[in-house]
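# A structural walkthrough
What follows is the residue order along each chain.
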Amino acid sequence: MFILTPQEQDALQELLNVGFGRAGASLSEMLDEEVILSLPFLDFLPPEEAIDLMEKSASGDEMAAVRQVFTGSFSGTAMLVYGMESSLNLVRALLKEDLPASNLTELERESLLEVGNILLNACLGTLANMLEGELECHFPEYLQRSCRDLIMPLFGASEENPTSLLFLVVQFRTTTTHIQGYLVLLLGLDALRNLRQQLARLLERFE
């Protein structure tokens, strides 16, 4: 399992906070009101632990997710996951409509994809800059299924695959809405090694 020291974890969280601050500004324009994004939790977790954390906050078995595959200097999969009630609240805020608690329509899924694209690119862009690499992000896709069916397919059977993923709690706050989602990021072993090296260099500069 990939583990960061507390200092490395704090440094990574600060870097991602910068990226998400910019994402919050973009979302503020979309919603026409101030959006504050925060990351109250960040860690590398094994898949079972990540699933347990998400299931505890879900109001039902299904979750809504936006998944994006990326390739380039390092490759992997990023996914933004919401409980169905949170996803509906976010769509209501985006579309300024009091929508019923039913299956999301195509327009509503497109709204979630747009938000997911902004947040995933904020995270991936920050990591790409930090790791001094270039990424090509594939078109995001909307998924609706259980936590387990979202998370477990990210992990292959090869022993060279990582056994943990970067797990972030993402909170959206506006004047009228408080929404919580989860961002999960699976990186290859080379990218994880590179990440640790870059964090070590960053910390050395501030010693």
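Counting starts from 1 at the beginning of each chain's written sequence and moves along it residue by residue. Residue-level local features of this predicted model are given only where pLDDT is at least 70; pairs of side-chain atoms are given and counted only at 80 or more, and the full residue set underlies all totals for whole chains, interfaces and linings. Side-chain figures throughout are based on the complete set of non-hydrogen atoms in the structure, without hydrogens or water.

With that settled, consider the packing of helix α3 (residues 84–95) against helix α4 (residues 106–130). What counts as an axis is a line fitted to C-alpha atoms, over the stretch in contact for a helix, and the angles between N-to-C directions run from 0 to 180 degrees. Secondary structure is summarised from DSSP: a helix means a run of H or I of at least four residues, a strand means a run of E of at least two, and numbering begins at the N terminus for each. Closest axis-to-axis distance for the α3/α4 pair is 10 Å, and the angle between their directions is 95°. Accordingly, the angle class assigned to the pair α3 and α4 is roughly perpendicular. Of the residues in α4, those touching α3 at S87, L90, V91, L94 and L95 are L107, E108, S111, L112 and V115. Residue polarity follows a fixed list, in which Ala, Val, Leu, Ile, Met, Phe, Trp, Tyr, Cys and Pro are nonpolar, Asp, Glu, Lys and Arg are charged, and the others, Gly among them, are polar. Here the contact of α3 with α4 is built from residues that sort into seven nonpolar, two polar and one charged. To sort the angles, those under 35 degrees are grouped as roughly parallel, those over 145 as roughly antiparallel, those from 65 to 115 as roughly perpendicular, and the leftovers as oblique. Contacts were defined at the residue level, with two residues in contact if any of their heavy atoms lie within 4.5 Å.

Let us now look at unusual backbone geometry. The backbone of D32 shows a phi angle near 60°, a positive value even though the residue is not glycine. Along the polypeptide, D32 turns up in the loop between α1 (6–31) and β1 (36–45). Burial classes: relative accessible area under 20% of the type maximum marks a residue as buried, over 50% as exposed, and values in between as partly exposed (1.4 Å probe, protein chains only). Relative accessible area serves as the criterion here: at 69%, D32 is assigned to the exposed category. For E132, which is not glycine, the phi torsion reads 55° and is therefore positive. Mapped onto the secondary structure, E132 falls in the loop between α4 and β4 (135–137).

It is worth spelling out the pairing of strand β7 (residues 178–187) at this point. Counting buried residues in β7 gives eight out of ten residues, a clear majority hidden from the surface. In the sheet, strand β3 (residues 76–83) pairs with β7 via seven bridges, with the strands oriented antiparallel. What sits directly across from L80, in β7, is L183. Pairing geometry for strand β6 (residues 165–173) and β7, over eight bridges, is antiparallel. When the sheet's bridge partners are listed, L166 is paired in β7 with L185. Paired strands, as defined in this entry, are two strands with at least two bridges between them according to DSSP. The turn joining β6 and β7, which pair antiparallel and follow one another in sequence, is formed by four residues.

We now examine helix α6 (residues 189–205). For a helix, the expected span equals 1.5 Å multiplied by the number of residues minus one. The end-to-end C-alpha distance of α6, which contains 17 residues, comes to 25 Å, matching closely the 24 Å that a straight helix rising 1.5 Å per residue would cover. Among the residues of α6, A191, L192, L195, Q198, L199 and L202 are the ones counted as buried. Down the axis, α6 shows its buried residues gathered within 125° of arc, on one side only. Residues D190 and E204 are exposed on α6 and point more than 90 degrees away from its buried face. The arc in question is the one spanned by the directions pointing from the helix axis to the C-beta atoms.

Counting through the fold element by element, S164 comes out in the loop between α5 (147–151) and β6. Filtering out sequence-adjacent residues up to four positions away, S164 remains in contact with M1, F2, F44, L45, P46, F155 and L186.

These figures come from the coordinates and say nothing about function on their own.
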